[in-house]
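One letter stands for each residue in the lines below.
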Amino acid sequence: PQVQKVMPVDTFYFSILRDPASLAESAFSYYKSTCPAFQGSRAIDDFIADPRRYYQPRLYNNHYARNLLWFDFGLEGHGGEFSLPVARRGVASVERSFYLVLLAEHFDESLVLLRHALCWALDDVISFPLNSRDGETKARLSPSQRRRLREWNALDWFLYSSFNRTFWDRVEAFGHDRMARELEELRERRRELQGLCLSQGGIPVEGRKIPDRELQPFQYGQAKIMGYMLRPGLDNSTRETCLRMIIPELQYKDLLDAKQFPKRDVGGRGAGEEQRGGSHPGTRREVGGRGTQETMG
C-alpha cells in the first residue's frame, strides 16, 4: 500500500522466491553474528537438528531464522507455527499483489518470462550472478536437512510450492520448445558479454582481490562475497555498459541516488555516497536486469 501511494495504477509488480532450505542455509551464513537464533547454535547442523532450541520469535533479528520469505512479503504469522488458513491467505495476498512471481532456482527461465511480460529486449535481462558466495562458505545440505528446513519454514515452503506450480503453468503456456530456444539465446548473449566485459575468464573472484574499490562487494557475516574485474582497455561506451553489469548493490544504489537527487551534494560527494556508511547489511535487490541472480548467494 505504501508503494502504491507513489506509483501509477498500472504499475507491473513482480517478485522472486527461493527454496526455503537453500534460503535458510544462506541466511545462516550471512546473519550468524546478528540473528540470536543463529548466534546460539555453533553450526548450521546444530540449528537444523533442533531449531526450537535456539529460536525465540520475539527477539530482534530472529526474523532471519524462520519463514524469511513470509516476513519479506509482510505476511501475518511468520514466526509462528504452520496454519493452513494462514498459509492460504498469504498465498492469496501475494497473488493479488504481484502479476508475476519468479523462481531463483530457475532464474534464466524467469528472465525469459519477465522479458516477454514487459516487452523488453534481450539485453534488458542479460545479467551476471552478483552477491554470490565462494564455495567454501556454502554448507552442503543432505536431503534430510533440506526436508527439516522446509518443515521448519513451513509457511515459506507452502508459498514456494504454490508459486512453483503457477510458474511451470506459465512455462507450459509459453511453450517448452520456445522456452528452450530463448534460453539458448539468452545464455549465448551472456557468454558474449562475459567475454567482452570480464577479466579472469569471467570467473568471479573474492572481493578483497579486486583492486578497484568501486567494484568490491560489501562483505558481511561468514560469507565471502564474490565480485568481478573488468577487462582492461575497454572503450568508454563499452566500459559503461559492462560496469553497470557488475557494480555491487551499494555502489549501484549510489548511482541511482545521484540520478534521482542530482542537487543533493555534501562536500562534493554524490547523494548516495554520503549515506553509504549507514546502509543495512541485509539490503538487497529482489531481481532485476543487471545481475541479481543471487540476492543472498
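Rules behind the numbers
- Residues numbered from 1 in each chain as written.
- Predicted model: local features only at pLDDT ≥ 70, side-chain atom pairs only at ≥ 80, totals over all residues.
- Heavy atoms only, no water.
- Helix = DSSP H or I, 4+ residues; strand = E, 2+ residues; numbered from the N terminus.
- Buried < 20%, exposed > 50% of the residue type's maximum accessible area, 1.4 Å probe, protein only.
- Areas by Shrake-Rupley, 256 points an atom, 1.4 Å probe, with all protein chains shown as cover.
- Contact = heavy atoms within 4.5 Å.
- Disulfide = S-S within 2.5 Å.
- Expected span 1.5 Å × (residues − 1).
- Salt bridge = Lys/Arg side-chain N within 4 Å of Asp/Glu carboxyl O.

Draft legend 1. Expanded view of the overall build of the protein. The helix and strand inventory of the protein stands at twelve helices and four strands. The buried share of the protein, taken over its 297 residues, is 46%. Just so you have it, the protein exposes about 15800 Å², and 51% of that area is on carbon and sulfur atoms.

Draft legend 2. Quick look at the environment of M229. As for its placement among the helices and strands, M229 is situated in the loop between β4 (226-227) and α11 (236-246). On the basis of relative accessible area, M229 is assigned to the buried category, the value being 18%. Along the chain, M229 and P204 lie 25 residues apart, while their C-alpha atoms are 8.0 Å from each other. Beyond its immediate sequence surroundings of up to four residues, M229 is in contact with C197, L198, S199, Q200, V205, K209, I210 and P211.

Draft legend 3. Quick peek at the state of the cysteines. Per the stated rule, a full pass over the model turns up one disulfide. Between the sulfur atoms of C197 and its disulfide partner C242 the distance amounts to 2.0 Å. Between C197 and C242 the sulfur-sulfur dihedral comes to about -70°; the bridge is accordingly left-handed. Remark: C242 occurs in helix α11 and C197 occurs in helix α10 (residues 176-197); sequence separation between them is 45 residues. Residues C197 and C242 agree in their burial class; the two are buried.

Draft legend 4. How the structure looks around helix α9 (residues 154-174). Helix length check: α9 (21 residues) gives 30 Å between terminal C-alpha atoms against 30 Å at 1.5 Å per residue, within 8%. Burial in α9 covers these residues: L155, D156, L159, Y160, S161, S162, F163, F167, V171 and F174. One or two residues past the end of α9 sits G175, with phi positive at roughly 110°.

Draft legend 5. A look at the pattern of salt bridges. For the structure on display, the rule yields 18 salt bridges. A salt bridge links R115 to E182; the nearest nitrogen and oxygen atoms lie 2.9 Å apart. With R115 in helix α7 (residues 107-118) and E182 in helix α10, this residue pair connects regions lying 67 residues apart in the sequence. We note that R115, like E182, is buried. The closest approach of N and O atoms between R191 and E188, which form a salt bridge, is 2.9 Å. With R191 and E188 both in helix α10 and three residues apart, the pair spans about one turn of that helix. Taken together, the shared-partner salt bridges in this structure form one network comprising R52, R66 and E81.

What is shown is where atoms sit, not what they do.
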